[in-house]
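One-letter residues, chain by chain:
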Amino acid sequence: MASMISDLVSRIKSKRPTVTEDSRDGVGKALADINDEYSRVQRELRKLKNEISQQSRKNFELENDLRFFDSKIAHLINHRITVEELENRLVESPSLPGYLQDSLLNQLYGQLFFLLQTNPFYIAKLSREVSLKEIDGLLQLVMFGLYGNHYEDREEFHLLSMFEHSLTYEFQEATDINSLMRANTGVTKMMTNYTRRGPGQEYVKSSLGSVIENLVKMSDPLELHPIKIYQDLLDNGEVKRAVTDQNILIDEAEANPVVQQKIKERVPVVQEIVLSILRQLKNTIGDVPFGIRWLCKAIRRLIKEKFPDASAEHINSMIGGFFFLRYINPTIATPHAYRIIPNPPGSVSRRNCTVVTKIIQKLANTASVREASMLPLESFVKAHNDELKEFLGDLCDVPDFHEALQVEEYIALSRRDIHIELSFNEINSVHALLLKYQDHIVQSQSDAMLVVLRGLPAPSGERQRKDNSVVKVILDNSCSQVECMSPVVRGIDLVAGDEVTSTMKQVKLLLVRLFKMLPRCMHESTVRDALKLAYKSTLEETRMHAQLIEGELIRLEQLGELADGGSLLYKQARQSLPSVRDLLFHYQNELKNLKKVFETILQHTEFLVEQLDAYKEYLVAVRAKVGEMQQLHASSSGSNLFRRAKNNGTHKFTHTQLEKEGIIIETHGIPQERRSNIYYIFSSTEPGIYKITMHYKGHPKAIYQKCIHLEDLLELQHLRDPVSLQDCVCMHGYVHEFL
């Protein structure tokens, strides 16, 4: 028996090396495959993050263009500006990159924007000084220039630091807690815009998209205001009034049994929708972008510092004012603008969305219910106050970023490839703003900002759109003054107390960063072997990172604290990270989510371009009209229907005339024999607002009138929809162009 066991053991031992070698080869191949896939995913992530930043910038510019046209189109109608002035705005931006020809100018602007990016208090102070007219230009610089890479930790942390400074200044000057963050200031506009970047919008779409879609699909109204319900019932003929007074009093509406029944039926539906939104937010709180949660935390901290006696209700109201009022609710109220749904909702759906957002905001404010429309929900609001209070508290439960920012800035000191992309006009605009408000933002006559500004020539004038190329500005940290260095870098040795502890912590953080860049480094025998592998990388950032680590190791050797050659630090850094397979899984998920973000941004681009195309179509029509009018003036025999009819700013036409000219395209419910007795008067007493009145011969007053705004007409003509008068007459959507 013993011999049999001995023989069996011998055979097992003889086979073991072969099995071990085969398995080792298999494991090695699998590990190599994982590392290759990891590198591919990292490359794709870098490319996608850059594309998202570029496309987000383009969308911001398109939104600016649309706002410009909204403000100028009425002036065009009133002949205060020319078609050509608007056409210049429609010229595509230049596709070729621009260059600053002077090398000294390159260096000075590099130093200027390095100071602005790494010393966020400059922008924080500037945002408090600029006028509302100037804020959009500064907003574009901050969100898509200085901190345009939405997925790079260094830029993200600097942006949050800028917000921290801005909020601190605002809170310091506040005398009343109720006035905080209520006005549309520079910092509040920037915070709102921050929530609309790719990560923020993708979170809302992924967490609330289905709930919002179902809300929009509801055909039944959810209106809870008694007067509005009563008015709808009267318009639909469902109830009749006993009094002839035109004004509806709240007591009359509330006393109506049909109104009471409608409210009773709608309240449970509204409550369930609100609860489903709150449940989704609570279940996905871990997916809320870090920056948005950190801003909530900063608001809470600053309130407690400035107003120590502030109640929990006041604090939650402030946090909710940012998170719900400026972030969640706008998406619910206008889901088409955030590409939750493809087209604008109808009037009923739009009002339903507004009703839901009002209730959510009321919950967030934790205030008593006063409005008539909210009274049926008073018990609901009180019952769920504590639940929302807990959610807002959990929302603020995130770590600080300052220590990580110190590491990022320390790493950045060794890089020479950090750059931002700005147009010529953006460079000149921020230069002009800094000169204009320098007395408010520089700290002393030796301030590095003032030194750089004195070395720069005066900013040039604004360039035409076709010449406004984008310039790559290499950030230059070579200022000789200590003030030029970022405060977080000057404090780098204060990360964790004494020099040895600080340096060791620094090395571990740098090693973790290196392992994420190049996972193969985790499988080397020693830290020196890992650095040798990193030096062979094709990425300059990885090689420079290895140099930083080696410098810190030498520093520890000089301090006599590296007797083991750094093996303990190497082991600790490896143990702090999950396996390469887990890291790969994490980045694969990130890549998947970012593709959704990019898809959402592209959809928004498509929506904005469609809106801009509507303006282009309008300008083409106006240009054609101007040409026709010039021909009519040149020809003494020329005439047209609308010129003949013009009389003191009004136009009068018969129904037959408008049918003949093709302006009336459909007529319903009006007998043929009566149409000859109908006439219309068109007028435009204010730019961009048109009034159409329908008259019947022999009647002293108009039988129908309609006021319509230019933006509504533009939307109708873009959708190829007619202008409807009392559902019986349909006019061409271009009717305003004949006035």
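Residues numbered from 1 in each chain as written. Predicted model: local features only at pLDDT ≥ 70, side-chain atom pairs only at ≥ 80, totals over all residues. Heavy atoms only, no water.

Draft legend 1. Structural view of the overall build of the protein. Looking only at helices and strands, the protein features 29 helices and 10 strands. Split into buried and exposed, the 739 residues of the protein put 46% on the buried side. Within the protein, counting contacts between residues at least 6 apart in sequence, those at least 24 apart form 74% of the total. (Helix = DSSP H or I, 4+ residues; strand = E, 2+ residues; numbered from the N terminus. Buried < 20%, exposed > 50% of the residue type's maximum accessible area, 1.4 Å probe, protein only. Contact = heavy atoms within 4.5 Å.)

Draft legend 2. Highlighting the sheet that holds strand β5 (residues 664-667). Taking strand neighbours across the sheet as the criterion, the 3 strands line up as β5-β10-β9 in an open arrangement whose pairing is antiparallel. The strands lining the two open edges of the sheet, one partner per strand, are β5 and β9 (723-725). On average, adjacent strands in this sheet sit at an angle of 20° to one another, irrespective of strand direction. As paired elements, β9 and strand β10 (residues 729-731) share 3 bridges and run antiparallel to each other. By the bridge assignment for β10, V723 is matched with M731. (Pairing = 2+ DSSP bridges. Axes fitted to C-alpha atoms, helices over the stretch in contact; angles between N-to-C directions.)

Draft legend 3. Seen up close, the environment of V270. Here V270 lies in helix α11 (residues 257-283). Among residues more than four places away in sequence, those in contact with V270 are L222, L224, V355 and I359.

Draft legend 4. Representation of the packing of α11 against helix α15 (residues 378-395) within the structure. Remark: α11 packs on α15, axes separated minimally by 11 Å, with the N-to-C direction vectors making an angle of 10°. Between α11 and α15, the angle falls in the class roughly parallel. Residues Q271, V274, L275, L278, L281 and K282 of α11 form the contact with α15, whose own contacting residues are F380, H384, L388 and F391. In the contact of α11 with α15, the residues fall into 7 nonpolar, 2 polar and 1 charged. (Parallel < 35°, antiparallel > 145°, perpendicular 65-115°, else oblique. Nonpolar A, V, L, I, M, F, W, Y, C, P; charged D, E, K, R; others polar.)

Draft legend 5. The arrangement of helix α7 (residues 186-195) in detail. The buried count for α7 comes to 9 of 10 residues, which makes it a mostly enclosed element. All buried positions along α7 are accounted for by G186, V187, T188, M190, M191, T192, N193, Y194 and T195.

Draft legend 6. A look at the pattern of salt bridges. Enumeration according to the criterion identifies 19 salt bridges in this entry. Its salt-bridge partner being R128, residue E170 comes within 3.7 Å of it at the nearest N-O pair. Of this pair, E170 sits in helix α6 (residues 153-173) while R128 sits in helix α4 (residues 121-129), and the two are 42 residues apart along the sequence. Given the relative accessible area of 30%, R128 is considered partly exposed. Put simply, E37, R40, E44 and K595 are held in one network by salt bridges that share partners. (Salt bridge = Lys/Arg side-chain N within 4 Å of Asp/Glu carboxyl O.)

Draft legend 7. Looking closely at the nonpolar core. By size, the foremost hydrophobic cluster in this structure holds 128 residues, and its most contacted members are L112, F113, L116, F163, I299, F323 and F324. At 10 residues, α11 tops the list of elements feeding residues into this core. Each residue touching F163, except ones within four places of it in the same chain, is listed here: M143, V187, M190, M191, Y194 and L295. Among the nonpolar cores identified, the runner-up in size contains 39 residues, and I34, F515, L556 and F598 belong to it. (Core = buried A, V, L, I, M, F, W, Y, C linked by side-chain atoms within 4.5 Å.)

Draft legend 8. Spatial organisation of the environment of I689. By the secondary structure assignment, I689 is in strand β7 (residues 689-696). According to the relative accessible area criterion, I689 is partly exposed, its value standing at 24%. Placed 19 residues apart in sequence, I689 and I708 show a C-alpha to C-alpha distance of 5.9 Å.

Draft legend 9. Just the packing of helix α3 (residues 103-118) against helix α17 (residues 424-436), in detail. Where α3 meets α17, the closest approach of the two axes is 12 Å, and the angle between their N-to-C directions is 70°. If you check the angle between α3 and α17, you find them roughly perpendicular. Classified by chirality, the crossing of α17 by α3 is left-handed. Contacts between α3 and α17 involve Y109, L112, F113 and L116 on the former and, on the latter, I427, N428, V430, H431 and L434. A class-by-class count of the residues in the contact of α3 with α17 yields 7 nonpolar, 2 polar and no charged. (Left-handed = near helix turned anticlockwise from the far one by under 90°.)

Draft legend 10. How the structure looks around α6. Given a rise of 1.5 Å per residue, 21 residues ought to cover 30 Å, and the 30 Å separating the end C-alpha atoms of α6 matches this to within 8%. Counting buried positions over the 21 residues of α6 gives 16, a clear majority of the element. (Expected span 1.5 Å × (residues − 1).)

Draft legend 11. Local environment of the packing of aromatic side chains. Under the defined criterion, the tally for this structure stands at 11 aromatic pairs. Judged by centre distance (6.2 Å) and plane angle (25°), the rings of Y109 and F113 are stacked. Remark: F113 and Y109 occur in helix α3; sequence separation between them is 4 residues, near one turn of the helix. Here Y109 falls in the buried class, since its relative accessible area comes to 4%. We classify F113 as buried; its relative accessible area is 0%. A centroid spacing of 6.4 Å and a plane angle of 45° characterise the contact between F324 and F391, whose relative ring orientation is tilted. Highlighted residues: F324 in helix α13 (residues 312-333) and F391 in helix α15, separated in sequence by 67 residues. The residues F324 and F391 share a single accessibility class, namely buried. (Phe/Tyr/Trp six-rings, centres within 6.5 Å; stacked < 30°, edge-to-face > 60°.)

Draft legend 12. Summary view of the side chain of H431. Positionally, H431 belongs in helix α17. Beyond its immediate chain neighbours, meaning those up to four positions away, H431 contacts Y109, L453, L456, P457, A458 and P459.

Draft legend 13. Structural view of the environment of I420. Tracing the sequence through the fold places I420 in strand β1 (residues 419-423). For I420 and F144, which are 276 residues apart along the polypeptide, the C-alpha to C-alpha distance reads 9.0 Å. Once residues within four sequence positions are removed from consideration, I420 is found in contact with F113, Q117, G145, L146, V471, K472, V473 and L475.

Draft legend 14. Main features of the pairing of strand β2 (residues 470-474). Side chains V471 and V473 project from β2 onto a buried face, and the interleaved V470, K472 and I474 project onto a face without burial. As paired elements, β1 and β2 share 5 bridges and run antiparallel to each other. Across the sheet, the residue bridging to I420 is V473, located in β2.

Draft legend 15. A look at the confidence of the model for the protein. Predicted confidence across the protein gives a mean pLDDT of 77, with 78% of residues reaching 70 or more. Overall, residues 1-6 carries pLDDT values under 50, and its contacts beyond four positions in sequence, including any with other chains, amount to 0 contacts. Below a pLDDT of 50 lies the segment residues 632-648, which in the model reaches 20 contacts outside its immediate sequence neighbourhood of four places, other chains included. (pLDDT = per-residue confidence, 0-100.)

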